[in-house]
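Notes for the structure review
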Amino acid sequence: MRAVLLGTGGYHPNDLRQTACIMLPELGILLDAGTGLYRAKNYLETEHLDIFLTHAHLDHIVGLTYLLEIEHLHPLQRISVYGDHRTLLAVQEHLFAEPVFPKMPRMDFHPLRPEMPIAGGGLLRHFPLQHPGGCLGFRLDWPDRSVAYVTDTLSGPQAPYCRHLVGVDVLMHECYFPDAYAELAEKTGHSYTSAVAELARLANVGQLVLVHLNPASAAKDPVHLATAQAIFPATQLGEDYLQIDL
């Protein structure tokens, strides 16, 4: 099983990164639906898509409009979109409001439950994060592997959600700012490098992948990866098209 990082940037695309979208092709699972979702057509292996949304900020949902193209190129039996009540309502009433985008792709909307069975005999759980407007983190467990996806949140070893990450094999976690902008991260509800690395170390995760990077920086390494690796050596920088074995 593998995860393909279709979008590893935040807020808006830049020349290096599209916005948030992680795909597990063998299972037909997408985590968030940012601008990177248009790339999913190149990795489809199933006749369905299950899309789990962390929240309704535009950089995480705009890719739902791209499903019209994907459906045309690769007709699917089912597209299911999962999120909390506020997120699903925002998608249906605002993203697909007639003056904004009048043609909704053929999809069904479902509220998240505390525990949800997922493809491959796994289980998905969600937990709250600290971000303006609200956000959810996800942990996906199968009998022999696990992965967590955390984006748009304040971070650090004291973060309440840390307990949900303990022992996870792969943690994909946002790292919007380097340490020099720690104060700005706190003000905007985002994470910075050393705080994320300390969290990964405390939670004893197997591997940390930094995603949702600040698109205002054109640097290939905008968060100073070495800072994270000095705290938690098993850290790598997420890049668009990177494939991670799970």
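For the structure itself, consult the block above.
These notes cover the structure that comes with them.

Let us now look at the sheet that holds strand 13 (residues 235-237). Taking strand neighbours across the sheet as the criterion, the seven strands line up as 7-8-9-10-11-12-13 in an open arrangement whose pairing is mixed. Strands at the two margins of the open sheet, each flanked by one partner only, are strand 7 (115-118) and strand 13. Going across the sheet, the axis of each strand differs from the next one's by a mean of 20°, ignoring polarity. Strand direction decides the pairing type here: strand 7 and strand 8 (residues 122-129), joined by four bridges, are antiparallel. Bridge pairing in strand 8 places isoleucine 118 opposite glycine 122.

Aromatic rings considered in pairs are described by the distance between their centres and by the relative angle of their planes. As enumerated under the stated definition, the model contains six aromatic pairs in all. Arranged with centres 6.0 Å apart and planes meeting at 75°, the rings of phenylalanine 96 and phenylalanine 101 form a pair that is edge-to-face. Under the relative-accessibility criterion, phenylalanine 96 is labelled buried at 8%. Each ring, one from tyrosine 176 and one from phenylalanine 177, has its centre 4.8 Å from the other, and the planes form 70°; the classification is edge-to-face. The exposure class assigned to tyrosine 176 is buried, which follows from its relative accessible area of 8%.

Pairing of strand 5 (residues 78-83) with strand 6 (residues 108-111) involves four bridges; the strand directions are parallel. Note that in strand 6 the partner of tyrosine 82 across the bridge is histidine 110. Note on the crossover from strand 5 through helix 3 (residues 85-95) to strand 6: the handedness is right-handed.

What follows deals with the side chain of histidine 212. By the element assignment, histidine 212 lies in the loop between strand 12 (207-211) and helix 6 (225-231). At 3.3 Å, the side chain of histidine 212 and the side chain of aspartate 59 are in polar contact.

Strands sit in the order 6-5-4-3-2-1-14 across an open sheet of seven strands; the sheet is mixed. Lying at the two open borders of the sheet, with one neighbouring strand each, are strand 6 and strand 14 (243-245). When strand polarity is set aside, the average angle formed by the axes of neighbouring strands in this sheet is 25°. Sitting on the sheet, helix 3 touches strand 5 and strand 6, and the angle it makes with strand 6 is about 160°.

What counts and what doesn't
Residues numbered from 1 in each chain as written. Predicted model: local features only at pLDDT ≥ 70, side-chain atom pairs only at ≥ 80, totals over all residues. Heavy atoms only, no water. Pairing = 2+ DSSP bridges. Helix = DSSP H or I, 4+ residues; strand = E, 2+ residues; numbered from the N terminus. Axes fitted to C-alpha atoms, helices over the stretch in contact; angles between N-to-C directions. Phe/Tyr/Trp six-rings, centres within 6.5 Å; stacked < 30°, edge-to-face > 60°. Buried < 20%, exposed > 50% of the residue type's maximum accessible area, 1.4 Å probe, protein only. Right-handed = clockwise from strand over helix to strand, strands pointing away. Polar contact = N/O pair within 3.5 Å; in protein donor to acceptor, adjacent residues only side chain to side chain. Contact = heavy atoms within 4.5 Å.

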